[in-house]
Amino acid sequence: MADKKSSVTQKGEKVSPSQEFKKQAAIQSLAEYKRLYSESVKNPKKFWNTQAKDLLLWRKPWKQTLKWKEPHAKWFVGGKLNVCENCVDRHLGTARENKAALIFEGEPGDQKTLTYRQLHTEICRFSNALETMGIRKGDRVAIYMPMVAEAVVAMLSCARIGAVHTVIFGGFSSESIKDRVNDCSAKLVITADGGWRRGKIIDLKANVNEALKGCPSVENVITLKRASNRVHMKKGRDHWWHDLVANASHVHKAKAFDSETPLFVLYTSGSTGKPKGVLHTSGGYLLGTTMTSKYVFDLRESDTYWCTADIGWITGHSYVVYGILSNGGTNVIYEGAPNEPGPDRFWSIVDHHKVTIFYTAPTAIRAFMKWGEAHIKKHDLSSLRLLGSVGEPINPEAWKWYHKVIGGGRCPIVDTWWQTETGGIMITTLPGAAYSKPGSAGLPFFGVVAKVFNDAGREVRRGRSGKLVLTQPWPSMLRTLYGDNRRYKETYWSEYDGVYFCGDGCRQDKDGYFWIVGRIDDVLNVSGHRLGTAEIESALVSHPSVAESATVGRPHDIKGSAIVCFVTLKDGYKGNDALKATLRAHVGGEIGPFAKPDEIRFATALPKTRSGKIMRRLLKDIAAGKEIHGDTTTLEDVSVVRQLQEQG
Ligand code: WT7
């Protein structure tokens, strides 16, 4: 795959949007993009002032656009708004009032549509319920739910009353719930009895019950009845969603909050065993996601938009909930797996709901390629007009397949580079304005100053590789890591002075297009999920049999990275297949099923330098089955390498 990518780069293959697409697009030419881009970076204050006034509803105007005391930013200082009002209330009394805000499809096939008016009623009821439960501005609320309409209601209700949500992906284990709830001392957990996945019920409430054995901050739990599986409800602590809203008024007045009011904390993996609580605030985040939704997805009033991401990840926050609803868009949300009951489920959804914009991850695209075109041909995909990709670099082969087979050759593809930390899309090609180069994310979005630096902190020449940095603050940037300003500074602002380092390697070609190479820190991208190798290692060593472990990624055709773990055992344990299975299950239990190692190799020792550092570069090569080259003279015990190789 890597070879194909570079050959395409050399050829500089370009794919342009059709005249038809261009004619109706918000930005219609490269010249128009360049003019706006240059305005946005030459006079950012003026640019963001105009955008914030045009795109958002403010209760009180701001006094200062940006207060920047590196590395801490405050945007629209003194301004007041309500994020939920922007996403829902402001569409009432307009033509959007009876427009579908959410079209939900459950895995078993049940469907429900909420218009903006209906969504508003649900949110008002639930906001009142939250307030009755004692939830106030600034309180943290954990949400651990399936991908159902009520999860969106829960998030927006928190936003409405100024509570800070932390959504925990439904694939996380009880241990992971506990860590996150405790890190932010959540007072309330909102969950469901269960959710559907591949024809089975995921017992979400049981996971919450288990986690709450060790979460002293949690006072109440609200449970949505979704899968009707039997659950244990603890008296005094547990409440059914339907009981609470049945008694709640459908009238709720949204208060105005300061622009810098925390909106949510979202945990993401870093290079230590402890996930980082990325904190986003209100005005700047909403502006960034609203504006990118409008221009990158070229949202039109008639669009039916479907982003396949779960609300447990940033993509679900920014491009299912906040950015899309703020624009008054129609969102499709789907609860289950892409191959339930068959590998054509996504295409049946696109066909049935006449989806016009489809946003998914390369790992999913590669799975569809593998499953074959026959499943796609069964459905009419002619409603699609724009496709998107996010989460990892998309290999040109998958790009071209996506363009031809899903997009029928007529839909531009926006390959969007961004991160949990950036809040919104930072690098992409605006679909009506710029040509795409398969495999390259493209050009910086308005206001984004992206550069490729060498280790010394100087910009490298075009065509050379280096580290991707952002040199100007932007409205939707993270504000800090929850409760840990020091780690915030160390992680993002210490590689180079005054510059944000994102953790990705990158190269910019002669046309200024960015080619993201992938993470250069100890973070893996597994099926679009970000995982720290240290997290997996600490899960492994928490098992009684494990003395030491090292985890690396190995390129994988569908998942992007496969997880390979090297393990040394304590005396008295035997490294056999049964123990491998036990350890895989153990990691699944500690983090979540999606983090289960693909491969475990046992060794009497791990390859280390004489100073005791694990030689990860070497382990990566061993995992990939490569010849061991390079300098191994610092290796303490050469025989362990052979031992590890032999198990491949
Ligand atoms: C990391 C961020 C952004 C939402 C989903 C993942 C990688 C993301 C792309 C892309 C190449 C990409 C980067 C980034 N990444 N999008 N279009 N091309 N790489 O969010 O979990 O915060 O992960 O995903 O490595 O740093 P995340």
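Parameters at a glance
- Counting restarts for each chain: residues are numbered from 1 in the order of the written sequence.
- Selection of residues for local features in this predicted model requires a pLDDT of at least 70, selection of side-chain atom pairs for listing and counting requires 80 or more, and totals for whole chains, interfaces and linings are taken over all residues.
- Each side-chain value is derived from all of the structure's non-hydrogen atoms; neither hydrogens nor water enter the calculation.
- Scored from 0 to 100, pLDDT reflects the predictor's confidence in each residue.
- Any two residues whose heavy atoms approach within 4.5 Å are treated as being in contact.
- Axis lines are fitted through C-alpha atoms, for helices just across the contact stretch, and the angle between N-to-C directions can take any value from 0 to 180 degrees.
- Secondary structure counts use DSSP, requiring at least four H or I residues in a row for a helix and at least two E residues in a row for a strand, with both numbered from the N terminus.
- An angle counts as roughly parallel when it lies under 35 degrees, as roughly antiparallel when it exceeds 145, as roughly perpendicular when it falls between 65 and 115, and as oblique in every other case.
- Throughout, a crossing is termed right-handed when the near helix is turned clockwise from the far one, and left-handed when it is turned anticlockwise from it by less than a right angle.
- Charged means Asp, Glu, Lys or Arg here, nonpolar means Ala, Val, Leu, Ile, Met, Phe, Trp, Tyr, Cys or Pro, and polar covers whatever is left, Gly included.
- A pair of aromatic rings is counted whenever rings of Phe, Tyr or Trp (Trp by its six-membered ring) have centres within 6.5 Å, and the orientation is called stacked for planes under 30 degrees apart, edge-to-face for over 60 and tilted otherwise.
- Only protein chains enter the accessibility calculation, which uses a 1.4 Å probe; a residue whose area is less than 20% of its type maximum is buried, one above 50% is exposed, and one in between is partly exposed.
- The rule is short: NZ of Lys or CZ of Arg within 6 Å of the ring centre and within 35 degrees of the ring normal puts a charge over the ring.
- In this text, near means that some heavy atom of the residue lies within 4 Å of the molecule or strand in question.
- Definition of a polar contact: a pair of N or O atoms within 3.5 Å, with one able to donate and the other able to accept a hydrogen when the atoms are protein atoms, and with sequence-neighbouring residues admitted only if both atoms are side-chain atoms.
- To be clear on the numbers: accessible area is Shrake-Rupley with a 1.4 Å probe, and residue cover counts the displayed protein chains and nothing else.
- Here, a strand pair is defined by DSSP locating no fewer than two bridges between the strands.
- Every definition here rests on a 1 Å grid over the protein atoms only: cavities are sets of points where a 1.4 Å probe fits but cannot get out, pockets are open sets enclosed by protein on both sides within 12 Å along at least five of seven lines, and lining residues have some atom within 4 Å of a point.
- Grid points are joined across faces, edges and corners, and a volume is the space filled by probe spheres set on the points.
- Here, two cysteine sulfur atoms that lie within 2.5 Å of each other are counted as a disulfide.
- Note on terminology: a nonpolar core comprises buried Ala, Val, Leu, Ile, Met, Phe, Trp, Tyr and Cys residues joined through side-chain atoms within 4.5 Å.
- An automatic or database domain assignment provides the domain bounds reported here.

Asks: Hey, could you run me through the confidence of the model for the chain in this one?
Replies: For residues with low pLDDT, the predicted coordinates do not support detailed interpretation. In the predicted model, the chain carries a mean pLDDT of 95, and the fraction of residues at 70 or more is 97%. Considering only residues more than four positions removed or in separate chains, one finds that residues 1-11, a stretch of pLDDT under 50, has 15 contacts.

Asks: Just checking my understanding: could you explain the packing of helix 7 (residues 149-161) against helix 12 (residues 314-326) for this structure?
Replies: The axes of two packed helices give the description: the angle between them and the distance between them. Put simply, helix 7 and helix 12 touch, their axes get as near as 11 Å, and they point 60° apart. By the angle between their directions, the pair helix 7 and helix 12 is classed as oblique. Seen along the crossing, helix 7 lies across helix 12 with a hand that is right-handed. Only His-317, Val-321, Tyr-322 and Leu-325 of helix 12 make contact with helix 7, whose side of the interface consists of Val-152, Met-155, Leu-156 and Ala-159. Taken together, the residues of the contact of helix 7 with helix 12 break down into seven nonpolar, one polar and no charged.

Asks: Is there a simple way to explain the packing of aromatic side chains in this structure?
Replies: Given two aromatic rings, their pairing is described by the distance between the two centres and the angle made by the two planes. One pass over the structure, following the stated rule, counts 45 aromatic pairs. Measuring from centroid to centroid gives 5.1 Å for Phe-453 and Tyr-496, while their planes differ by 80°, and the two rings are edge-to-face. With Phe-453 in strand 23 (residues 450-453) and Tyr-496 in the loop between helix 17 (485-493) and strand 26 (500-508), this pair connects stretches of sequence that are 43 residues apart. Each member of the pair, Phe-453 together with Tyr-496, is buried. With a centroid separation of 5.7 Å and 70° between ring planes, the pair formed by Trp-493 and Tyr-500 is classed as edge-to-face. Of the two residues examined, Trp-493 and Tyr-500, each falls in the buried class. The ring of Trp-240 is capped by Lys-225, whose NZ or CZ atom sits 4.7 Å from the centre of that ring.

Asks: What is the right way to look at the site of the ligand in this model?
Replies: Neighbouring the ligand are 17 residues; Asp-415, Thr-416, Thr-420, Asp-504 and Arg-530 lie closest to it. Contact distances for the ligand include 3.1 Å between a nitrogen atom and a backbone N or O atom of Gly-391. Within the side chain of Thr-420, an N or O atom sits 2.5 Å from an oxygen atom of the ligand. Coverage of the ligand by the protein chains reaches 95% of its 550 Å² of free accessible surface.

Asks: Looking at this model, I keep getting lost on the sheet that holds strand 4 (residues 100-105). Mind explaining?
Replies: Strand pairing in a sheet relies on backbone hydrogen bonds. The paired strands run either parallel or antiparallel. Spatial strand order, 5-4-17-16-18-19-20: seven strands in an open sheet with mixed pairing. Looking at strand neighbours, the two that pair on one side only are strand 5 (111-115) and strand 20 (413-416), the edges of this open sheet. Shown here is a sheet whose adjacent strand axes are inclined to one another by a mean of 20°, direction ignored. Bridging between strand 4 and strand 17 (residues 330-334) involves four bridges; their strand directions are parallel.

Asks: When you look at empty space enclosed by the protein in this model, what are you seeing that I'm missing?
Replies: Rolled over the atoms, a probe with the dimensions of a water molecule shows which regions are left empty. All told, the structure shown has five cavities of 30 Å³ or more when counted by the stated rule. Of the pockets and cavities examined, the largest cavity occupies roughly 70 Å³. Contributing to the lining of the largest cavity are Trp-48, Gly-288, Thr-292, Gly-424, Ile-425, Met-426, Phe-445, Phe-446, Val-448, Trp-474, Pro-475 and Ser-476. Looking at the lining of the largest cavity, its residues break down into eight nonpolar, four polar and no charged.

Asks: Looking at this structure, I do not really get the sheet that holds strand 26. What am I missing?
Replies: Taken in spatial order, the four strands line up as 23-24-26-27 in an open sheet, and their pairing is antiparallel. For this open sheet the edge positions go to strand 23 and strand 27 (514-519), each flanked by a neighbour on one side alone. Each strand axis lies, on average, 45° off the axis of its neighbour in the sheet, ignoring direction.

Asks: Please clarify how the side chain of Arg-366 should be interpreted in this entry.
Replies: Secondary-structure assignment places Arg-366 in helix 14 (residues 362-371). With relative accessibility at 7%, the residue Arg-366 sits in the buried group. Side-chain polar atoms of Arg-366 contact the side chain of Asn-395, separated by 3.3 Å.

Asks: How should the state of the cysteines be read in this particular structure?
Replies: Disulfide: a covalent bond formed between the sulfur atoms of two cysteine residues. Following the criterion strictly, the structure yields zero disulfides and no others. The structure places no disulfide on Cys-215, whose sulfur is separated from the nearest cysteine sulfur, that of Cys-184, by 9.6 Å. By relative accessible area, Cys-215 is classed as buried at 5%. Cysteine Cys-307 shares no disulfide, and the gap to the nearest cysteine sulfur, in Cys-87, comes to 15 Å.

Asks: When you look at the environment of Leu-156 in this model, what are you seeing that I'm missing?
Replies: If you trace the backbone, Leu-156 turns up in helix 7. Among the residues examined, Leu-156 registers a relative accessible area of 0% and is labelled buried. Along the chain, Leu-156 and Val-449 lie 293 residues apart, while their C-alpha atoms are 31 Å from each other. Discounting residues that sit within four places of it in the chain, Leu-156 has contacts with Cys-84, Cys-87, Val-88, Leu-119, Ile-123, Val-321, Tyr-322 and Leu-325.

Asks: When you look at the nonpolar core in this model, what are you seeing that I'm missing?
Replies: In summary, soluble globular proteins display a tendency toward joint burial of nonpolar side chains. In terms of nonpolar packing, the biggest core is built from 163 residues, with Leu-119, Leu-156, Ile-190, Trp-241, Phe-297, Tyr-322 and Phe-446 touching the most fellow members. Broken down by element, the residue count for this core peaks at 10 residues, all from helix 7. Both domains that furnish three or more residues to this core are identified here as domain 1 (120-262) and domain 2 (527-647). Counting 28 residues, the second largest nonpolar core, distinct from the first, contains Val-15, Val-332, Ala-364 and Ile-406.

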